[in-house]
Amino acid sequence: MLIFSGETRYKPLISIFFFLIYLVGVLVNSSIITVIYLEVQLHKPMYLFICNLSIVDIFCTSVTVPKLLHMLLSGDHIVSFSQCYTQMYFFMSMGSAEGILLFIMAYDRYVAICIPLHYHQIMNQRNCTLITFGIWAAAFLNSSLLVISTLNMSTCHSNIIHQFSCDAKSLTRTTCTTTPMFSEIAAIEILFFAFIPLMCTFISYVNIFSVILKMKSKESRKKAFSTCSSHVTVITIYYGTSIIGYLIPPYSDVLDSVFNIVYGTIIPMINPIIYSLQNANVQSALLGFLKGMY
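Position numbers for residues start from 1 in each chain and track the written sequence from start to end. Only residues with pLDDT of at least 70 are given local features in this predicted model, and only at 80 or more are side-chain atom pairs given and counted; all residues enter the totals for whole chains, interfaces and linings. The basis for every side-chain value is the complete set of heavy atoms in the structure, and neither hydrogens nor water enter the calculation.

- Within an unreviewed UniProt entry, the label attached to the protein reads Olfactory receptor, and the organism entered is Eleutherodactylus coqui.
- UniProt positions are given in the numbering used here, feature names are shortened, and annotations may be inferred rather than shown by experiment. The annotation that UniProt attaches to the protein under Sequence similarities (unreviewed entry) is "Belongs to the G-protein coupled receptor 1 family."
- UniProt annotates the protein under Subcellular location (unreviewed entry) with the comment "Cell membrane".

If you want it as structure tokens, here you go:
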């Protein structure tokens, strides 16, 4: 990997920057998971999915940042094939899980606001457990198929990756040709883990906002908007960065690296901050948790 390989003078500052991002991300996400686990009032479907999102964010940064820090501090930018494919496997798994999670969270808000009388029936403990299991199973299965398809591609152009981590887009640049299996799986992945969840999320919020705008009470509208605002913000950042990242031309290594860094390190750090700042229940629970520690 060649990213930051020539920035000898700035490596200490770059290392500190990524270490702080990683530290803040892990600490804040871990705090949210701990608070949701300990606070009985947060044992609801919405917070179960927030907890899973924090788990995704911790794994997402843990897969990439420690290896990047090792390369920066040691000067060794060589990554073995086994390390590269393992990193890509878990990174793709977390990306797939996050895409489905964001849609499920939108659906949870849709049921709560649009059909509240059926909320406890639809989002009961059994269904939420099955949904959570299905999210993780689908994410790991999808990533397995994608990694297996990349193993069949032969490297002929170069074995150098201009990124801070191994990803499918970078690996395909080093191959002679992409296999039909890889192209098919990549197309299915984009359809089922990006396009369909995004469209379903959009439809959910169209229905949600139409119901909210019809509410007569200003206080009810404000409360309904507040429960959705943090999720809408996270979705906008997640899909906005993802779409821009994939639209970047293949020769723009610098821009590609910037958006990969934002997607893989910055977003997992700011996701829990957005939820803790905009969700009153999470915020009060976190404050109570911090007060209890001191």
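Here we look at the overall build of the protein
Here is step 1 of the chain: Strands are runs of DSSP state E lasting at least two residues, helices are runs of H or I lasting at least four, and both sets are numbered from the N terminus onward. Within the protein one finds ten helices and zero strands.
Here is step 2 of the chain: When the helices and strands of the protein are listed from N to C terminus, the series reads α-α-α-α-α-α-α-α-α-α.
Here is step 3 of the chain: Put simply, of all contacts in the protein between residues at least 6 apart along the chain, 76% involve residues at least 24 apart.
Here is step 4 of the chain: In these tables, accessible area is a Shrake-Rupley quantity obtained with a 1.4 Å probe, and a residue counts as shielded only by the protein chains included in the view. As presented, the protein carries roughly 15300 Å² of accessible surface, and 70% of it is formed by carbon and sulfur atoms. By the convention used here, residues are in contact when the closest approach between their heavy atoms is within 4.5 Å.

Considering the UniProt feature "transmembrane region" (unreviewed entry) in the protein
Here is step 1 of the chain: In the numbering adopted here, UniProt assigns the feature "transmembrane region" (unreviewed entry) to residues 12-38, 47-69, 89-107, 128-148, 190-213, 225-248 and 260-277.
Here is step 2 of the chain: End C-alpha atoms of residues 47-69 are separated by 32 Å, and the span's content is 100% helix alongside 0% strand.

Points about empty space enclosed by the protein
Here is step 1 of the chain: Throughout, the protein atoms alone are placed on a 1 Å grid, and a set of points is a cavity if a 1.4 Å probe fits but cannot get out or a pocket if it is open with protein on both sides within 12 Å along at least five of seven lines; lining residues have an atom within 4 Å of a point. Grid points are joined across faces, edges and corners, and a volume is the space filled by probe spheres set on the points. Enumeration over the complete set of coordinates arrives at three cavities of 30 Å³ or more.
Here is step 2 of the chain: Computed from the structure, the largest cavity encloses a volume of approximately 60 Å³.
Here is step 3 of the chain: Every residue along the wall of the largest cavity is listed here: Met46, Phe49, Met105, Asp108, Arg109, Thr227, Ser230, His231 and Tyr275.
Here is step 4 of the chain: Breaking the lining of the largest cavity down by element, the ones donating at least two residues are helix 2 (45-74), helix 3 (81-114) and helix 8 (218-247).
Here is step 5 of the chain: We call Asp, Glu, Lys and Arg charged. Ala, Val, Leu, Ile, Met, Phe, Trp, Tyr, Cys and Pro are nonpolar, and the rest, Gly among them, are polar. Among the residues making up the lining of the largest cavity, the classes are represented as four nonpolar, three polar and two charged.
Here is step 6 of the chain: Its boundaries defined by the atoms lining it, the second largest cavity holds a volume of some 40 Å³.
Here is step 7 of the chain: Lining the second largest cavity, in full, are Cys60, Phe91, Met94, Gly95, Glu98, Tyr238, Tyr263 and Ile267.
Here is step 8 of the chain: If you tally residues by element for the lining of the second largest cavity, the top one is helix 3, at four residues.

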